[in-house]
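These are the residues of each chain, in order.
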Amino acid sequence: LSASALFVLWQNPFQLYQAGFLLSFGAIVGLGAVLPACSALAGQKGRMEKREADSPLWRAARMVLPGLLSSLSVQVVLTPILMWFFFEIPLWSVPVNLAVLPLSSLVTLSGGLGGLAGLFSGALARFVFGAAYVLLKLFEWMCDIAAGLPCAVIITGRPLPAAVAGYYLILTVM
């Protein structure tokens with residue numbers, strides 16, 4: 001991760017001030033640094049008696065918890081960046097990500113297979129790319145619904161640099 005960031009910054013140091021660079025690497029930091037800490041904390045809090053752990057509700061929670069923790073870990077790191085560049089916080093991004101993230105690997109798989117299929121047949125490539133198209137349309141539809149929900153975003157304005165620094169300092173200490 002750091003080698004990749006250094007390579008990008010070596011070519012163009014001003015990327016450090018671009019939303020795309022900060023959001024991309026911030027998401028990776030959220031998954032690589034915050035998620036393990038949250039997972040460890042959830043594991044400690046999640047110990048319970050055997051009969052409770054076997055309940056259908058707890059089994060369902062164990063299936064949703066990893067995605068929820070992933071999405072929250074990324075959101076915790078990206079919130080100040082979103083506020084800085086876009087002056088708002090999307091409130092429905094975590095639930096939308098719970099649906100989108102598990103399916104996003106299928107989009108990547110369809111794209112890769114479609115590219116390979118395109119080496120042999122244009123019609124086959126269009127068919128394979130169709131899966132990615134349908135999934136991306138589904139993602140767009142989910143995002144449109146989330147954007148139309150009440151309180152879809154909170155307008156925050158740009159935070160003070162000291163507030164952002166303090167936030168990341170507290171996050172680092174935690």
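Scroll up a little and you will see the structure.
Remember, it's a predicted structure, so these values are computed and weren't measured experimentally.

**Details of the environment of Val64**
Take Val64: it is sitting in helix α4 (residues 56-86). Considered as a pair, Val64 and Leu169 are 105 residues apart in the sequence and their alpha carbons are 29 Å apart.

**A short note on the nonpolar core**
In terms of nonpolar packing, the biggest core is built from eight residues, these being Val96, Val100, Val107, Ala132, Leu135, Phe139, Met142 and Ala146. Mapped onto this core, the elements with two or more residues apiece are α5 (93-118) and α6 (122-148). Residue contributions to this core peak at five residues, all from α6. With residues up to four places along the chain from it excluded, the contact list for Val107 reads Ala132, Leu135, Leu136 and Phe139. Counting residues in each nonpolar core, the second largest holds five residues, with Ala27, Val74, Leu78 and Leu82 among its members.

The rules behind these values
- Residues numbered from 1 in each chain as written.
- Predicted model: local features only at pLDDT ≥ 70, side-chain atom pairs only at ≥ 80, totals over all residues.
- Heavy atoms only, no water.
- Helix = DSSP H or I, 4+ residues; strand = E, 2+ residues; numbered from the N terminus.
- Core = buried A, V, L, I, M, F, W, Y, C linked by side-chain atoms within 4.5 Å.
- Buried < 20%, exposed > 50% of the residue type's maximum accessible area, 1.4 Å probe, protein only.
- Contact = heavy atoms within 4.5 Å.

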